[in-house]
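The residues making up each chain are set out below.
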Amino acid sequence: AVVSTQSTGISDKDGNDCYTNHQKNCPIALTWGVFPGREIIQPTIADYKTFLIWKDEAFALWEEKWACIYEEGSESRENLREIVNDMYLICLVDNDFIEATSLWQFLDEVIEKIQERENGARAESDLSC
């Protein structure tokens, strides 16, 4: 039997454009260590709350730590500002790694929802965070 789990989270810095196709209270195990005669060691999970924390940490690091090591007005500092202000953080978990289009399918859904919102559609999306 093949078990496939797909979860994607996408967010801008402020969480204003935040999308997920994962159940908000259902963690996914990402990694673990299994050794003979021992319990499972160091499980790592991904879930909605974890993604939002990762988002805050990632954007804060880019803005508050990395950008500060470059001179004001430098190309590197401007690139980091652009990442913070214009880019999205994406977390994709897909255990069906043979399927090469998982991310693109979800991005198509998100783009469609953004276009609907920008065109005045007020319908609540099942993808919103």
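Please read all numbers here as calculations on a predicted model, not as lab measurements.

Asks: Quick question: what am I supposed to make of the packing of aromatic side chains here?
Replies: Note on aromatic pairs: each is described by the distance of the centres and the angle between the planes. Within the structure shown, the criterion is met by 1 aromatic pair. Geometrically, the ring pair formed by Phe-59 and Trp-62 is edge-to-face, given 5.2 Å between the ring centres and 85° between the ring planes. Of this pair, Phe-59 and Trp-62 both sit in helix H1 (residues 48-66), separated by 3 residues, roughly a single helical turn. The same class applies to Phe-59 as to Trp-62, namely buried.

Asks: Would you mind going over the packing of H1 against helix H2 (residues 75-86) with me for this structure?
Replies: Helix-helix packing: each pair is described by the crossing angle between the helix axes and the interaxial distance. Direction vectors running N to C along H1 and H2 enclose 150°, while the axes themselves pass 9 Å from each other. On the basis of the axis angle, H1 is roughly antiparallel to H2. As for how H1 packs across H2, the hand of that crossing is left-handed. Counting all contacts with H1, which are made through Phe-59, Trp-62, Glu-63 and Trp-66, the residues of H2 involved are Leu-80, Ile-83 and Val-84.

Asks: Whenever I open this one, the pattern of salt bridges confuses me. Can you help?
Replies: Any two side chains of opposite charge can pair, on the condition that their charged atoms come close. Within the structure shown, the criterion is met by 6 salt bridges. A salt bridge links Glu-116 to Lys-113; the nearest nitrogen and oxygen atoms lie 4.0 Å apart. Of this pair, Glu-116 and Lys-113 both sit in helix H3 (residues 102-118), 3 residues apart, which is roughly one turn of that helix. The partly exposed category is assigned to Glu-116, whose relative accessible area is 30%. According to the relative accessible area criterion, Lys-113 is partly exposed, its value standing at 25%. Each of the salt bridges in this network shares a partner with another, and the network as a whole consists of Glu-72, Arg-77, Glu-78 and Arg-81.

Calculation notes
Residues numbered from 1 in each chain as written. Predicted model: local features only at pLDDT ≥ 70, side-chain atom pairs only at ≥ 80, totals over all residues. Heavy atoms only, no water. Phe/Tyr/Trp six-rings, centres within 6.5 Å; stacked < 30°, edge-to-face > 60°. Helix = DSSP H or I, 4+ residues; strand = E, 2+ residues; numbered from the N terminus. Buried < 20%, exposed > 50% of the residue type's maximum accessible area, 1.4 Å probe, protein only. Axes fitted to C-alpha atoms, helices over the stretch in contact; angles between N-to-C directions. Parallel < 35°, antiparallel > 145°, perpendicular 65-115°, else oblique. Left-handed = near helix turned anticlockwise from the far one by under 90°. Contact = heavy atoms within 4.5 Å. Salt bridge = Lys/Arg side-chain N within 4 Å of Asp/Glu carboxyl O.

Any functional reading would require information that these geometric values do not contain.
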